[in-house]
Amino acid sequence: VKATAAAKVKAEVQKVKDKAQGVADIIAADKAVAEEKLAKAKPALEEAEAALQTIKAADIATVRKLGKPPHLIMRIMDCVLLLFQRKLDPMALDPERPGPKPSWGESLKLMSQTGFLQALQNFPKDTINDETVELMQPYFSMEDYHLEAAKKVCGNVAGLCSWTKAMASFFAVNKEVLPLKANLAIQEVKFQAASEELAKANALLEEKEREVAEVQAMYDEAMRKKQALMDDAETCRRKMKAASALIEGLSGEKVRWTEQSKTFKAQINRLVGDVLLASGFLSYCGPFNQDFRALLLDAWKKELKDRQIPCSEKLNLTEMLIDSATVGEWNLQGLPNDELSIQNGIIVTKATRFPLLIDPQGQAKHWIRNREAGSEMKVTTLNHKYFRSYLEDCLSLGYPLLIEDVEEELDPCLDNVLEKNFIKAGSMLKVKVGDKEVDVMKGFMLYITTKLPNPSYPPEVYARTAIIDFTVTMKGLEDQLLGRVILTEKQELESERVNLIEEVTANKRKMKELEDNLLYRLTSTKGSLVDDESLIEVLRTTKVTAEEVSKALIVAAETELKINTAREEYRPVAARSSVLYFLIMEMSLVNVMYQTSLQQFLGVFDIALQRSAKSPVTAKRVVSIVEYLTFSAFKYCLRGLYEEHKFLFTLLLALKIDLQRGHVKQSEFQTLIKGGAALDLKACPTKPAKWITDMTWLNLVELSKLPQFSEILTQIGRNDKGWKAWFDTDAPEDSPIPDGYTSSLDTFRRLLLIRAWCPDRTTSQAMKYISESMGRKYAEGVILNLEEMWEESTIRVPMICFLSMGSDPTNSIDMLSRKRGLTFGSVSMGQGQEVHARRLLQQCQQQGGWALLQNTHLAGLEFLDELLLSVLETENIHEEFRIWLTTEVHPKYPINLLQASIKYTFEPPQGVKAGLKRTYTGISQEQLDYSNLAQWKPMLYTVAFLHTTVQERRKFGPLGWNIPYEYNQGDLNASTQYVMNLLDDLDLKKGISWSAVQYMIGEIQYGGRVTDDFDKRLLNTYAKHWLNETIFKPAFIFYKGYSIPVYKTVKEYTDHIERLPLADTPEIFGLHPNADITYQSNTAKQCLDTILSIQPKDSSSGGGETRESIVRRQAGEMLDKLPQDYIPHEVKARLQKMGAIAPMNIFLRQEIDRMQRVISTVRSTLQDLQLAIDGTIIMSESLRDALDCIYDAKVPAIWGKISWDSSTIGFWYTELLERDAQFRSWVFEGRPSVFWMTGFFNPQGFVTAMRQEVTRAHKGWALDSVVVHNDVTRMNKDDVTAPPAEGVYVYGLFLDGASWDRKNSRLMEPAPKVLFVPLPVVHIYAISIKEAKDPKLYVCPVYKKPRRTDLTFITSLLLRSVQHPDHWVFRGVALLCDTK
C-alpha cells in the first residue's frame, strides 16, 4: 500500500515539475526575443547618451541667457518639450522661417528647472508614444535638423539634436518590445508560485520513499527464509529421484545392449569382406567419378561372392566409414552434401596417403580451409618463395599444410614426405626434405589441390598420393544451387534446417560421448552404484538427451519434408543454373583463356536472385529468376569471348537448354554438329542428281536416320526439280520447303534441314532458332560498355582484355580514366619490364589510379602469380585503384588469375560502315581542316576506305587474303601522315605523283606486312585503281552506293557513313557475291566443328552402342579396304624397265615411298587401336587421339602429319584409295595419258620433272630459261586417249572465285551458289623464254588445298579472259587441286 502511495505522489510531483519547467521555458524565450530586438537600437542610444554627457550645466545657462537664440536651438527644444510631454504654444506659422513658431517660453521654463540634465539622462524611454514621435516628425524633416548644423549654431548643446532623434529611433524598436516586457512580468510571478509548489511536493516524496525502503527490507528477509526451506526439500527429492532413475535407466538399456550384442556378432562374421571393400574403395576409387566407383564396387562384390568371402549384401560404405554427425559437420564446413562429395571427404580423411585433389571449382579447397580453420593451417603454392620453409615449419610444429594449384609435376623435395619415409630417432620421427632432416610432429597433414580439370599425372604420383576427383557434377551443383536459392528466397526455412542439423549433429555427438562415458563408468565403479551420484547424473543426462534427440529428429524430419516440398518448387532455377555453369565451363575447351570460376558464377547467380522481378506466386518468381539469370550469365560470359565464339556460345546455350527441357533429342543434336562426316560416300545410296554435292548428300543420308526425315531421300529422288528450285533461292530458310516440310517442321528441325542442304545459311537459320527458343535479345548480342564493367569491378578484381588482330583497348581505358578524373599509367610487358610494372602497381595501390599492364603473356608466369597475390592480399589499397591487363591467348596463362578477373574482348568492328565509323570517330575537326587543298579530303576518305577494305577482306579466308595480315590503326595513321606530308610539299603545277603514292601505300605502308606475292599483287591492284586522278571526279565510286563524299565537318562525314548499308556485299571489295557463301559456310563449319570437339567423351552414345565399339567397328571396316603394301623389289624392277633416271620416274619413286609410309602408319594405328580397345595393350596418347578423331569423323593427328589436309575422315580415306590407285596404275600398267594432280604429295616436283623432261628433249635449252606454259583444252578426262607430244595433260583442277566458259575457253563469272567449277583437262608444257607474256592473260595461282599458302602453292597457269586481269585479281581467283 505504502509503495502504491509513494508511486502516486511521485507522479504528481513530476506533473508540478513539468509545469514549472514550462513557465521557465516561456520566460527564457520571450527574454531572448526582447533582448535581440533591443540590441538593434543600442548603438544609436549609446551615441545619444554620449552626446548628453558632453552638455554641462553652464552650457544650458548660456543658452537660457541668450536674448534671441538661433532658430535651430528653439526647434530642438520644441522636440525635447514634446518628449517630456510638456505644453507647447498653440500652432502658428513662424514669420521669419517656414514652419511652426517655436515655444521658446516653455523651453526656458523646462531648462530652468533644477535637475534638467539629470532628467534627460534618466529619461523614461518607455513613456514615448506614437503621437509624440508623429509630432516630432516635421522637425526632423527640416534640412538643417542634424548634428553638424547644430554644432555650428549652438556648440555643446548640439548633443540634444542627436538625443531627440535617437529617442524616436528607439521607440520604433521598443514599440515591439513593450508587450513582451509586460508578458514577462506576469510569467515571472507564475514561475515563483510554481517553484514553491514543487518544493513542497519534493518533501512529501522523500518521506514516502523512506517508508517503501523499510517495507522492502521486511519482504527480503521473509523470501530468504522461504528459499532455505525449499532448497532442503529439493535435496531430499533429488536423492529419491536418483535412486529410481538408476533402476529405471539401467533396465531400459538392457534390451538395447542385448540387441546390439547380437548385431555386432553378425557384423564380425562379415567384417573380412566389408573391410576388404572399404580398403579397396579408399585405395582405388579416388580418381573416378560416381558411376565408375559404383561399377568397381559391384565388380568387387561379385568377385568376393565367387570366392565365398562373406560381406554385407547392401553395404553402405559411407555409413561404415563415417558417422552421420561428422558428415553433418563437414556439410556445415562447406562440403557439398551429394554422395560423391561425402565419399571424397572420407577418402581425404581416412586414406593412408596424403590427398591430391582435382578441384577445378575450388570446392575442396574451401572445405579444407574451413575444416582446418582452428589448426593454424598454412597455405602455399609450389613456386611460392617461402614454400620450403612453410613445409619445414608445418612438419616440425605439427600444423596442416595446403599446397594449392599444382600443375602436372610435383616438387621432388616432397617425395619423402608423400611416401612417409620417416626415420625413427628415439621417440621422435624425422624426414629428409631435400638435404635437410626435419622433425615430424603429430598433427602434420598435407593437402594438395590442382585447378586442372583433367590432369594426367605420371604413375609415381598416383602411387605416392591419394588422387581424388572433386570436380563438381551437374547433379551435385544443382543440389548446391538449390540450397542457395532457398537460402535467399525462403531464408527462414533454410536457417531452421541448418540450425536443426547443427543441433542434431551436436546431440548425436553428445549421445555417443555420454554412452561411452556411461559404459566406462559402469565397468569401473568401485562399491555400490547407489553411492555414485555422478554415475546417476550421467545416466539421467543420457536418458534426457536421448529423448531430446528423438524429439529433435522427429521435428527435423517434418521440417525436412516441408523444406523439400518448398525446395522442389525452385528446382528449375537450380537446374538451369547448373546447365549454364557447365556450358560456361565447356567454353574453356574452346579457348584455354575462357576460365570462369564457380565463385564468379555464384556472384552472377546471387545478383540475379536480388535483381529479378519479385512475385508472391512462386511459379512466376521462378520464371523471372530463370529468365534474368540466363540473360545475365549470357552477358557475363559473352563479354569475355572472341567475336568468332560468341555465336557458338549462344547457339550452344539454346541447344543445351532445349536438350534439358527435352525439346531437342541427343540424336538430333549429334546430327546437327556432325552431319554426315563419318559416312563413306561409296557405302551410301547413290545421288539422284549431279547438282547435289557429295557433302550435302552425306548430310542428307545422316539426316534420313531421324524419324521426321525418314522419307527424305526418296522424296528428293521423286521431286528433284522442286528441291533444286528451293535450293537455288537466295534465302532457302525463308522459302517454302517442298514435300510439305514447311508446315511439319519447327525452327530447330528446319535448322537440321538447312544445315544438311545449305551450310552457308546455317548461321542465319540458327539465329532464328535462337530468337525463337531464347528470345530476340540473345540473337542481337551484347555491346561492350567499359564504364559499366569498371563499375562492376573492385580493387581486388583485375580486368583482362583478350587481344586479337588490330585490337587495343589502351585509348578507350585512357579516355575513361580522364572522364573520371583518375590517374592512368601503363607498362608494356616484356623482358625486364617487371620492375617498372611493380613500381606502377605499388604507386597506384597507394595513391589511387589505374594501372594497365599490356601484353602480360610476355611477362614471366611467376610475375603473374605475384601480381595476383599482390592484388588479392595487399592491405590498405586506395579505393580508386584498378588493375587492367591485356594478353594474347597463352596456353600456360595462370588459371587462377583468369578465374579471379573480369574478362572482355575489344575487337575491331565488323563491316565497312563500322570500320569507317571507327576511323572517322578518331579524326578530329582540326585534322580534317589540315589542308585547304581540294585533294586532301577525298584522299583521306580513300585511305580510310582502303584500310577498312583490307581488314574486311580477311573474313573471306583465302579468297580475301592468302595470309590474314594484322592490319591495325598504326597502318592507317602512317598512311594518313604520308598523305599530309605529300600535300605539304605538293607542287601545284606538277600535281600529285600517283606512282609514288601507289608505291608508298601498296608496297610500304600496307605492303610492308605482306609476305605472299599474290597478296602483294592484290594490294597493288587496289592502289592502282583507287589511288589515281579519277578519285577527284564526282562520278568515281568504289562500288554502287559507295562514293567519295566531300564535307566540311567530321559530323557530316559520320552522318554520311551512318547512311551506308548495314550489311556489306562482297562486291564492294571486288569479290563475287558467292564469296559470302564461302564465308558463311566456313563460319558455320568452324562453329559446329568446335562444338563437336568440346563434347564430353562419354563412353556410350545415345543409341546404346559405346564409343569404343563404334570406333572398333569403323577401324575394322577401314582395315578391310586398306590397300596392300608396295613390295620394294617389284616397284624397283618396274621403274628400271621404265627408265630409272628419267625425271618423271624419279618423282614417281619418291611419291610411292611416301604413300607406303601412310599405308603402314594407318595399318599400325588401326590394329593397335583395336588391341587397345580390347584392353590387350595400353591406350597411348596418340591412340586416344585417334579414337576421339575417328569417333568425331576427323583425321587423327598422327595421319595428318604425314599425309594431306581433309575436312572429314571419310573424304580423307576416299582420297587415300584414289591416290593409291593412280600410283599402282602408273607403276604397274605404264604412264597414264592424263594425270590427277591432286593425287600427288609433291605436285611442284611433278611440274619440275615435266620441265626437266622437255628441256632434255630440246638440244641447247637451259633449264633456267625454260618456263611453264599451258593451254586449257576442251576435253574431259574420259576424252583423252593419248598423251600429248610434249608436256602433260592434267585434270582435277577447280576454279575458285570464277567459272569457265568452255565454248570460248576463257574465264567468266560464276553462277550463283556455285563455288567451285571443274576446269577441263589442261595441257601443261614448257617453253624457252623469248617474248614477254601477254598482259591480257590472267596469271592464276594453283594450290593443292583451299588453304592458300606458300606451302600449298604449286605453280601459276595463264588463263584467257575478256575482262582485264585485275578484275580476277580482285575476285581472288585461283585454281585448287582439292575443294574439300
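Residues numbered from 1 in each chain as written. Predicted model: local features only at pLDDT ≥ 70, side-chain atom pairs only at ≥ 80, totals over all residues. Heavy atoms only, no water.

Enquirer: Where do I start with the sheet that holds strand β4 (residues 423-425) in this structure?
Expert: Paired through their backbone hydrogen bonds, the strands of a sheet run either parallel or antiparallel. The sheet built from three strands is open, its strands ordered β4-β5-β6 with antiparallel pairing. Every other strand in the sheet has two partners, leaving β4 and β6 (436-440) as the edge strands with one partner each. Pairs of neighbouring strands in the sheet enclose a mean axial angle of 40°, with direction left out of account. As paired elements, β4 and strand β5 (residues 428-433) share three bridges and run antiparallel to each other. What sits directly across from I423, in β5, is K430. Across the sheet, helix α14 (residues 387-397) lies against β5 and β6, angled at about 40° from β6, the strand it touches most. (Pairing = 2+ DSSP bridges. Helix = DSSP H or I, 4+ residues; strand = E, 2+ residues; numbered from the N terminus. Axes fitted to C-alpha atoms, helices over the stretch in contact; angles between N-to-C directions. Contact = heavy atoms within 4.5 Å.)

Enquirer: Help me understand a negative patch on the surface, please; the structure alone is not making it clear to me.
Expert: The grouping of E248, E502, E503, E547 and E548 at the surface amounts to a negative patch. Those elements that provide at least two residues to the negative patch are α18 (491-524) and α19 (533-569). Along the chain, E503 falls in helix α18. (Patch = residues over 30% accessible without salt bridge, like charges linked within 9 Å, V, L, I, M, F, W, Y side chains within 5 Å. Areas by Shrake-Rupley, 256 points an atom, 1.4 Å probe, with all protein chains shown as cover. Salt bridge = Lys/Arg side-chain N within 4 Å of Asp/Glu carboxyl O. Lys, Arg positive; Asp, Glu negative; His and termini not counted. Charge placed at Lys NZ, Arg CZ, Asp CG, Glu CD.)

Enquirer: Mind showing me how you'd approach the sheet that holds strand β8 (residues 465-469) here?
Expert: Here we have five strands laid out as an open sheet, ordered β2-β3-β7-β1-β8, and parallel in their pairing. Each having just a single partner strand, β2 (378-381) and β8 make up the two edges of the open sheet. Sheet twist, expressed as the average angle between the axes of neighbouring strands with direction ignored, equals 20°. Strand direction decides the pairing type here: β2 and strand β3 (residues 400-404), joined by four bridges, are parallel. What sits directly across from V379, in β3, is L402. Contacts from helix α12 (residues 339-350) reach β1 (354-358), β7 (445-450) and β8 within the one sheet, and its direction differs from that of β8 by about 170°.

Enquirer: Just to check I follow, could you spell out the pairing of β3 for this structure?
Expert: Every other side chain in a regular strand lies on the same face of the sheet, so the side chains alternate between the two faces. For β3, a buried count of five out of five residues is recorded, marking the element as mostly surrounded by other parts of the structure. Remark: the β2/α14/β3 crossover connection has right-handed handedness. Relative to β7, β3 is paired through four bridges, and the arrangement is parallel. Bridge assignment links L402 to a residue of β7, and that residue is Y447. (Buried < 20%, exposed > 50% of the residue type's maximum accessible area, 1.4 Å probe, protein only. Right-handed = clockwise from strand over helix to strand, strands pointing away.)

Enquirer: Looking at this structure, how should I read the side chain of S341?
Expert: Summarising the element assignment, S341 is placed in helix α12. There is a polar contact of 2.9 Å between the side chain of S341 and the side chain of D338. (Polar contact = N/O pair within 3.5 Å; in protein donor to acceptor, adjacent residues only side chain to side chain.)

Enquirer: Any chance you could explain the packing of aromatic side chains here in plain terms?
Expert: Aromatic rings considered in pairs are described by the distance between their centres and by the relative angle of their planes. Within this structure, the stated rule accounts for 65 aromatic pairs. An angle of 45° between the planes, with centres 6.0 Å apart, marks the rings of Y920 and Y941 as tilted. Placement of Y920 in helix α37 (residues 912-921) and of Y941 in helix α39 (residues 936-952) is noted, with a sequence separation of 21 residues between them. When the centroid spacing of 4.8 Å and the interplanar angle of 45° are considered together, the rings of Y1022 and F1370 count as tilted. Here F1370 lies in helix α52 (residues 1365-1371) and Y1022 lies in helix α42 (residues 1013-1026), a separation of 348 residues in the sequence. In this structure, Y1022 and F1370 share a single accessibility class: buried. Through a chain of ring-to-ring contacts, the aromatic side chains of Y920, Y941, F945, Y1022, W1026, F1036, F1038, Y1039, Y1042, Y1047, Y1053 and F1370 assemble into a single cluster. (Phe/Tyr/Trp six-rings, centres within 6.5 Å; stacked < 30°, edge-to-face > 60°.)

Enquirer: I tried to follow the packing of α18 against α19 on my own but got confused; where do I start?
Expert: Running from N to C, α18 and α19 point in directions that differ by 155°, and their axes come no closer than 8 Å. Judged by the angle between their axes, α18 and α19 are roughly antiparallel. Seen along the crossing, α18 lies across α19 with a hand that is left-handed. Residues that form the contact of α18 with α19 fall into these classes: 18 nonpolar, seven polar and eight charged. (Parallel < 35°, antiparallel > 145°, perpendicular 65-115°, else oblique. Left-handed = near helix turned anticlockwise from the far one by under 90°. Nonpolar A, V, L, I, M, F, W, Y, C, P; charged D, E, K, R; others polar.)

Purely geometric numbers; function is a separate question.
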